[in-house]
Amino acid sequence: MEPPASAPSAPARWLPCLLLLALHAWPGAGAQEFPDFQLLQPQGAVSVSAGETLTLTCSVTGLAPIGPVKWFKGSGSGRQLVYADTGSLPRVMRAVNGSGTDFTIYINDTRAEDAGVYHCVKFRKGSGADEEFRSGAGTAVSVSARPSAPSVSGPRSRAEPGPPVNFTCTSVGFSPKDINVTWFKNGAKLPDPQHQVLPKNGSVSYSMSSTVGVSLTAGDTRSQLTCQIEHSTLPAPLNATYHFSDALRVPPRLRVDTAPAAPVALNQSVTFTCRAEGFYPKDANLTWLENRNEMNLGNSSAPAENPDGTYTLQSSLEVKATEQRNQSVFTCRVVHDSQPPANVSEMLRISQPLPESGKDDTSPNGGGKLSEEKKIYIAIAVVCAVLVVLVIAVIYLIRVRQRKGKSSPSVRLHEPEKSPSPAPQDSDPNNLTYADLNFDKQKKKKKSTPRIVEMSPQSEYACIQTGQPAATEDHLTYADLDMVHLSKAPKRPAPRPEEAVSEYASVQIQRK
């Protein structure tokens, strides 16, 4: 009897396992182990429009090792898992569920970010994690994305007519990069817009921004601005419209009229009319002020729209032209669109500020006091009256004195000069010096009778008689009497001869 066969030793039991491990570790061992296995990914490049469904094809043939098939976007360590039996992206699904050979997938609602290179990979189960067994060549996916509807934005706050105002048009999420932008104002093409496409380098999705400057006018309240974009993915251009009324502010033009026109009569009713014209938007508030004090008066109408789209606001204020309101200033103030107020003023002028005849200055309206102007007039009148009285009195006094001086002629006699000698002369009654000045007024063609004066032996006589004066208004008669003393009596003894004595008389007559 043959002895029983011995049990195989421990190394013999582990030899098949070592051979299997060596086959897995050796490159090309899988191909040699499964020479009929093929992984087919036929699509080299696929183009799809955004929103459509993307189909990625992958299949296997022949005997394959046990393990899953997965889809990845990208390659290397940073690749992104797209599909696996145990989990996938929400928009990804398998074309044929449960198939062992067809691993085609669908990506619904394709987006611009879905563009990239996709790989189909076969894995084989191992002692630990699954090992990559075979990978497809990859499929390059490009997504043609339509640009979003354009949007036009204007200035942050309203702008007044004058300097250019910038408007911006934007659109995002389009691919490829090329895009065309055109601006129109009321259908007319605007020149020289500035636009840029970002990012400047290659990307799966792009965005666009375009800016144009437009000078606004007061008549642009009904004008509009249009941004038009064209792209290869669009069957027709896309447009966006901006209304200038959303960005325009036209300040009001103010005017105040008075009826009747100044100056007006005292206590007459006067109507002030304020017009705020050609403003936009219609938000405006109008108030009246008298001498800078706000009045809660006035009759304002609702803003009325003009043919050009602007508005007009009118308010009337009726006042009585009293004396206290003379030279008062009435101001129309308009606050438009929360801007600083605009003012226009008109002065109330009274043509006859003095009260009517028969009314007392101390009436209740006058307050019991005379106005300063009246006081000045009264003072001037009093001073003028006093001056007139004084002038009349002075003229009267001068006339009276002139009459008295003309009624009696003046005579001036110059006595004979005495000798400076200290020798006295004896008083002699027989020595007489006599002067008879006769100034009788004679009538025409009538001779004057000479006056006879009896003379003593020791008398001297001189007689001057005047006739009719010349026909002149003032006549002057002047006479010089030079009298020499002649003594007919015997000379008295004297220590020295007696000197002749000269007497002089001067007569000046003033006649009318």
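Before reading on, note that the structure itself is shown above.
Residues numbered from 1 in each chain as written. Predicted model: local features only at pLDDT ≥ 70, side-chain atom pairs only at ≥ 80, totals over all residues. Heavy atoms only, no water.

**Q** What exactly am I supposed to notice about the overall build of the chain here?
**A** Within the chain, the regular secondary structure consists of three helices and 32 strands. Relative to its 512 residues, the chain shows a buried fraction of 29%. In the chain, the proportion of contacts linking residues at least 24 apart, taken out of those at least 6 apart, comes to 65%. If you sum the accessible surface of the chain, you get close to 33,400 Å²; carbon and sulfur atoms cover 54% of it. (Helix = DSSP H or I, 4+ residues; strand = E, 2+ residues; numbered from the N terminus. Buried < 20%, exposed > 50% of the residue type's maximum accessible area, 1.4 Å probe, protein only. Contact = heavy atoms within 4.5 Å. Areas by Shrake-Rupley, 256 points an atom, 1.4 Å probe, with all protein chains shown as cover.)

**Q** Is there a simple way to think about the state of the cysteines in this case?
**A** Any covalent bond linking the sulfur atoms of two cysteines counts as a disulfide. Under the definition given, this model contains three disulfides. Covalent S-S linkage joins C169 and C227, the inter-sulfur distance amounting to 2.1 Å. Here C169 and C227 share a disulfide; its torsion about the S-S bond, -80°, makes the bridge left-handed. Here C169, found in strand β13 (residues 164-174), pairs with C227, found in strand β18 (residues 224-230); they are 58 residues apart in sequence, far enough to count as distant. By relative accessible area, C227 is classed as buried at 0%. Here C274 engages in a disulfide with C332; their sulfurs sit 1.9 Å apart. Measuring handedness by torsion sign, the sulfur bridge of C274 and C332 sits at about -70° and is left-handed. (Disulfide = S-S within 2.5 Å.)

**Q** Would you mind going over unusual backbone geometry with me for this structure?
**A** Among all residues except glycine, the phi angle is most often negative; among peptide bonds, the trans geometry is most common. The residue after A262, namely P263, is reached through a cis peptide bond having omega 0°. Relative to the assigned elements, P263 resides in the loop between β20 (253-259) and β21 (269-279). With an omega dihedral of 0°, the bond running from Y280 to P281 counts as a cis peptide bond. Its location among the elements puts P281 in the loop between β21 and β22 (284-290). Positive phi outside glycine occurs at N267, with the angle close to 65°.

**Q** What exactly am I supposed to notice about the environment of Y280 here?
**A** Position of Y280 relative to the elements: it lies in the loop between β21 and β22. It is 8.5 Å that separates the C-alpha atoms of Y280 and H336, two residues lying 56 residues apart in sequence.

**Q** Where do I start with the packing of aromatic side chains in this structure?
**A** Two descriptors summarise a pair of aromatic rings, namely the distance from one centre to the other and the angle between the planes of the rings. All told, the structure shown has eight aromatic pairs when counted by the stated rule. Here F72 and F123 contribute two aromatic rings whose centre-to-centre distance is 6.3 Å and whose plane-to-plane angle is 55°, an arrangement assigned as tilted. Of this pair, F72 sits in strand β5 (residues 69-73) while F123 sits in strand β9 (residues 116-124), and the two are 51 residues apart along the sequence. The class of F72 is buried, set by a relative accessible area of 8%. Linked through ring pairs, F167, Y242 and F244 together constitute an aromatic cluster. We note K70 situated over the ring of F123; from NZ or CZ to the ring centre the distance is 5.0 Å. Across the ring face of F72, the terminal group of R79 is positioned such that the distance to the ring centre comes to 4.1 Å. (Phe/Tyr/Trp six-rings, centres within 6.5 Å; stacked < 30°, edge-to-face > 60°. Lys NZ or Arg CZ within 6 Å of the ring centre and 35° of its normal.)

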